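Inside the fold
The lines below spell out each chain.
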Amino acid sequence: MNPKGEKPKSKISASRKLSLKMLLLTRACEDLERETQERQQEKTRYLGEKLPPLQMSGLSLDELQNLCKELHSKIDVVDEERYDCEAKVNKHNKDIHELKLKVQDLGGKFKKPALRKVRVSADEMMRALLGSKHKGSMDLRANLKSVKKEDVKQDKVLTSEVGDWRKNVEAMSGMEGRKKMFDTGGGAQ
């Protein structure tokens with residue numbers, strides 16, 4: 001295509017296109033007529049082989065009855081053949097359908113779609129999970145443990161005392177340390 005988006009001009013003129021179309025249509029019509037004639041000829045040939053022309057003139061009643069019985073037996077044979085052919089066709093159609101399904105499965109025609117991120121709030125998620133049982137908004141932070149600043153400061157003081165264990169041992173050694181332990185009620189045991 002041209003960069004402007006226009007269709008490229010055809011190298012064949014419109015009159016030449018029309019004449020080619022007409023030739024193709026006439027050729028197709030001739031082929032169709034020839035095909036129908038061939039089918040008709042095949043049908044008459046097949047019937048001529050399977051069913052010879054009837055000679056009913058000058059036959060007695062018994063001979064006509066025998067002829068009818070023969071025709072009925074031939075009809076039964078043809079019906080059996082037709083039934084067998086229909087059963088074969090149905091079986092083949094079923095096999096073709098199963099093979100098509102196998103080809104689709106093996107070809108991997110069904111691909112998993114790429115999942116998209118979906119932003120869902122906690123309330124929407126609870127509503128989807130619980131349905132009508134979910135009432136109002138739910139504060140998920142309410143169940144969290146609260147931490148007080150005083151607790152944090154006490155933890156820091158304790159860790160600083162434990163961190164200075166050498167100084168504590170030196171301070172408690174000797175008579176002065178024992179006196180401190182006795183005065184504080186047992187101190188560091």
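Nothing here was measured: the structure is a model prediction, and the numbers come from that model.

1. Some points on the overall build of the protein chain
Assigned secondary structure in the protein chain consists of six helices and zero strands. Shown N-terminal to C-terminal, the secondary structure of the protein chain runs as helices and strands in the order α-α-α-α-α-α. Relative to its 189 residues, the protein chain shows a buried fraction of 2%.

2. Concerning the pattern of salt bridges
Using the criterion set out here, one finds six salt bridges in the structure. With a closest N to O distance of 3.8 Å, Arg82 and Asp79 form a salt bridge. In this pair, Arg82 and Asp79 both sit in helix 2 (residues 61-107), three residues apart, roughly one turn of the helix. Classification of Asp79 by relative accessible area gives partly exposed; the value is 35%. In this structure, Glu86 engages Arg82 in a salt bridge whose closest nitrogen and oxygen atoms are separated by 3.2 Å. In this pair, Glu86 and Arg82 both sit in helix 2, four residues apart, roughly one turn of the helix. Each of Glu42, Arg45 and Glu49 takes part in salt bridges that share partners, so that together they form one network.

3. Let's talk about a negative patch on the surface
A cluster of like negative charges, contributed by Asp76, Glu80, Glu81 and Asp84, occupies part of the molecular surface. Inspection of the secondary structure puts Asp76 in helix 2.

4. Some details on the confidence of the model for the protein chain
Confidence along the protein chain averages 78 in pLDDT terms, with 65% of residues attaining 70 or more. Across the protein chain, the element-wise mean pLDDT spans from 60 in helix 4 (residues 149-163) up to 93 in helix 1 (residues 14-50).

Thresholds applied
- Residues numbered from 1 in each chain as written.
- Predicted model: local features only at pLDDT ≥ 70, side-chain atom pairs only at ≥ 80, totals over all residues.
- Heavy atoms only, no water.
- Helix = DSSP H or I, 4+ residues; strand = E, 2+ residues; numbered from the N terminus.
- Buried < 20%, exposed > 50% of the residue type's maximum accessible area, 1.4 Å probe, protein only.
- Salt bridge = Lys/Arg side-chain N within 4 Å of Asp/Glu carboxyl O.
- Patch = residues over 30% accessible without salt bridge, like charges linked within 9 Å, V, L, I, M, F, W, Y side chains within 5 Å.
- Areas by Shrake-Rupley, 256 points an atom, 1.4 Å probe, with all protein chains shown as cover.
- Lys, Arg positive; Asp, Glu negative; His and termini not counted.
- Charge placed at Lys NZ, Arg CZ, Asp CG, Glu CD.
- pLDDT = per-residue confidence, 0-100.

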